[in-house]
Structure formats: structure tokens, C-alpha cells
Amino acid sequence: MTLPVVPTARAAWLAALAAPLAIVIAAAAPQAWVVAPAAGVALLVVIVLDGLLAGRMTDWRVHLPADAEVGEPLTVLALAEIAGRAARTPVDVALAVDPRLDPAGGVRFAAPFAPQAGAWQGTAEVTPGRRGTAPVDRVWLRWAGPLGLGARQASHALDENVRIWPDLAPVRSPELQAFLRDAQFGLIARRIRGEGTQFEALSEYEPGMDRRRIDWKASARHTRLYARENESERNNQIVFAFDCGQAMCEPVGGLPRIDRAVTAALTASYVALKGGDRVALFGFAQRPELSTPFVGNSRNFHRLQRAAAGLDYHAQEPNFTLALATLATRLQRRSMIVLFSDFTDPTGAELMIESIGRLVDRHLVLFVTIEDEDLAGLSDAEPESLDSLATAVAAETLLRQRALVLERLRQMGVDIIEAPWDRIGYRLIDRYLEIKRAEAIG
């Protein structure tokens, strides 16, 4: 729908500034009262003429990427072709978008005239804040006449959707790709070879080798010393479990903690698949929300990515008892369970501790949590008033309670990773490789 002519903000300001002048004229010379309505009519005529000179839109287009990653900017392009326009001022563009793309629900930007295209085109960068499907419903375009007093406006419905996926920037990072190339050419394989439990081959013993690797029976048969070459176990089962409850929906570094956890888990999953292990995802809040089958090939990594994109955000406390009991019944063999979670008080963490304790006897459990930098900053800040002192004391108390909960988990045999959000993925990969070399999963 296109409106014929609408007044601009400049016209409104001009009318507002002229109103006091009209009052002064009416008070000083009552016989001249006709001047005020005549000036109003003249202004209205100028607005209409200016709007007509704005021209007629002949074509418009809005280009949106079909896919994007959470936390990574995407570019929106708008293009308009206007016939008979005398002005070269920019066209104002407004889009009604889902809050996943913009918390305010709208994006506004200007489209300047592009001589090489003979049209008005402009771009805007939007950074998705949450995963999911974000619809873009409507676009408004507004262009003014030469005087900037009258404008025309068009409104069109859009049937566009942007699929927002987990952030995989760490997977594409040069550091990780170099690491995986080294693994492919055998650097990691040589480091792991000989430290595992699965027999691989016999090789002639050389000075410097561990004497415990000597196979005395084979050496007796061949009348020379032979050593056993073992290889690290493969086909281990690794489950990345996500708490999707209220605490994990709190932002850290501009994104919810659950999104930071998903990025770290997918990065570690990619490395695990390259290492020959099998990976599954599990998500829960009040009840289990996601449970994927085990994936055993890096070519199927997209299945994990698609499943992780479906993890929703829940403003409620998670049910650890139901979730972890469901996960335990699903696992038929010893597995490595990587649990991403957070907690706000030790009382709420009691059920989490009890539920994790039931897993430790049979599985290797790794608890991953993101450091609370805000609490640390409040605790370390120099108090400048009684209020700031009370805030620092409260923050210090919460940090101590948090440390007590983590210490209790350690005493139960749970491995703990606590790191800043931008280091959590690399810490997880390092710990996974250490566990794999130690053959602690199988």
C-alpha cells in the first residue's frame, strides 16, 4: 500500500514554529486574523506539491540471508526504484523483525542514491541475539520531495524467515583447522600411539622405549626384543548435556550462556568426531527437551548443528532429577557426560549435586560452567559507599558459595571446567584430549 502524500517532520516543526507567530498577529492586529489560516492553507498546498514531486515507486526489493549464526552480524539490503523523483535525498527504510534479530522488534536505516545502479539502495547490519527462526513481516519505505516537507510512504508485507543457527566461528577458526590438519597427518596420532590399551602392532624394541612395553613371549619366539604398539581407544560415547533453564538464559558477553555452551560443545564435538568417537546431544529444562542418537562421523556434524539449533530458552528452574535419570537409562555403556550448567545459590544446587552423584559411579562426568565475571568485578571493586560495600560483601558471599558447590562436585569425582566464556571451548577440547590419552572413558 502506498500513501499519496504525508507531511514530514520538517513540515510539522515548521507548523509548530508558525503557531506562536499567528497568535501574536491575532493579538496585535485582530483585523488580520485571516493571515493565519491563509498561511496554513499555503503550507498545506506546498506539502502536497512537494509530495507529488517525490515521485512514484516503480520497484522495490529487500534481500535477507536465509541463514545466520547467533552473535554474528548479517546484512540486510533494501533497494528502491522511483520514477520522476526530483530529489536525491536518501529513502528511509524500516523493517518489522522478530526480537531474535533485534530486541526492539524493528530495524531502521537510510538508502542513499546509487548512481551506478540508478536506484536508491542501503544496507544495515543486524546481530541475532538468540537461535531459532526469525520472521520478517513488513517493510516501510518513505521518500521526501525536494523541499523535505511532503513525502510518500509505501508499506508491503514480507514473507521472509531467517534461520538462526549456533555460532560455529570457532570451528572455522584457523587455529582449530591447523590443529585438525596436524591430526590428519599423524602428529596427534603419533603422540597418542603407544599410550592406549588396544593392541595395534609389534615393533622391534629400540633404546629409549618403555621397558614395560616389551612383549616377552614374542621376543622369545624371535630371539630378539619386540615391543607392543598400542593405540588409543576409539568409538567412545560422549554426551553433551545442556541445562536450558533460567540461569543458563542469563547473558554473558552479549549472548545467553546457553548459546556460549552450544558453541563450545559443537566445537569439541567436531574434534571428537575427527578423533573417531561418537557424539550425542541432550537438552533439558523442566523435562527433557532434546535427545539425539549418537553420531559417529564428521560428515554428519550438520545433524548435531541442526539439533543444537532447536534448544529453546526456558525461564524456569531445571529438573535435574528427571533429566539426568532419563539420560542414565538411555546410556547402556560407560560414557563421558559433559554437563553445561550454572546455579545461583547452593540450595538450588543440592538437587543438581545429588543427581550428578548418581552418574559418577558408572560414567565419567565433566561439569562445565562459565565464570561469573560480573560477580568477580563487584567483589573486587573498591567500596566507595555503604551501598557499594554491601554489594561487594554480597558478591563475595555468592562467589564463596559457588566455590563450595564446585568443591563438593570435585570430591565426588566430577571433573570441573570453569573458565571465561571466550575460553570455555578451548579448555574443553584440551580436557577431552587429556582424558582420551589417559583412556579414562572406556
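Residues numbered from 1 in each chain as written. Predicted model: local features only at pLDDT ≥ 70, side-chain atom pairs only at ≥ 80, totals over all residues. Heavy atoms only, no water.

Q: Quick one: what's the story with the pattern of salt bridges, residue by residue and with numbers?
A: Under the defined criterion, the tally for this structure stands at 15 salt bridges. Salt-bridge contacts for R410 lead to E407; the nearest nitrogen and oxygen are separated by 3.7 Å. Of this pair, R410 and E407 both sit in helix α12 (residues 386-411), 3 residues apart, which is roughly one turn of the helix. The partner of R431 in a salt bridge is E434, and the shortest N-O contact between them spans 2.8 Å. With R431 and E434 both in helix α13 (residues 424-437) and 3 residues apart, this pair spans about one turn of that helix. (Salt bridge = Lys/Arg side-chain N within 4 Å of Asp/Glu carboxyl O. Helix = DSSP H or I, 4+ residues; strand = E, 2+ residues; numbered from the N terminus.)

Q: Go over the pairing of strand β13 (residues 237-243) with me, naming the residues and quoting the values.
A: Summarising burial for β13: 7 of the 7 residues are buried, a large majority. Residues Q237, V239, A241 and D243 of β13 are buried on one face, and the alternating residues I238, F240 and F242, pointing to the opposite face, are buried as well. Pairing of β13 with strand β16 (residues 278-284), which is carried by 7 bridges, proceeds in the parallel orientation. Across the sheet, the residue bridging to A241 is F282, located in β16. Bridging between β13 and strand β18 (residues 336-340) involves 5 bridges; their strand directions are parallel. Paired with I238 across the bridge in β18 is M336. (Buried < 20%, exposed > 50% of the residue type's maximum accessible area, 1.4 Å probe, protein only. Pairing = 2+ DSSP bridges.)

Q: Residues and numbers for the confidence of the model for the protein, please.
A: For the protein, mean pLDDT is 84; residues scoring 70 or higher make up 85% of the total. When the criterion is pLDDT under 50, residues 184-197 qualifies, and its contacts beyond four places in sequence or with other chains add up to 25 contacts. (pLDDT = per-residue confidence, 0-100. Contact = heavy atoms within 4.5 Å.)

Q: Tell me about the sheet that holds β16, and please be specific about residues and values.
A: Reading across the sheet, the 6 strands line up as β17-β16-β13-β18-β19-β20 and stay open at both edges, with mixed pairing between neighbours. The open sheet is flanked by β17 (288-291) and β20 (415-419), the only strands paired with a single partner. Strand-to-strand twist of the sheet, defined as the mean angle between neighbouring strand axes without regard to direction, takes the value 20°. Note: β16 against β17, 3 bridges, orientation antiparallel. Following the sheet pairing, F284 is matched in β17 by P288. Lying on the sheet, helix α7 (residues 257-274) is in contact with β13, β16, β18 and β19 (364-370); it crosses β13 at an angle near 175°. (Axes fitted to C-alpha atoms, helices over the stretch in contact; angles between N-to-C directions.)

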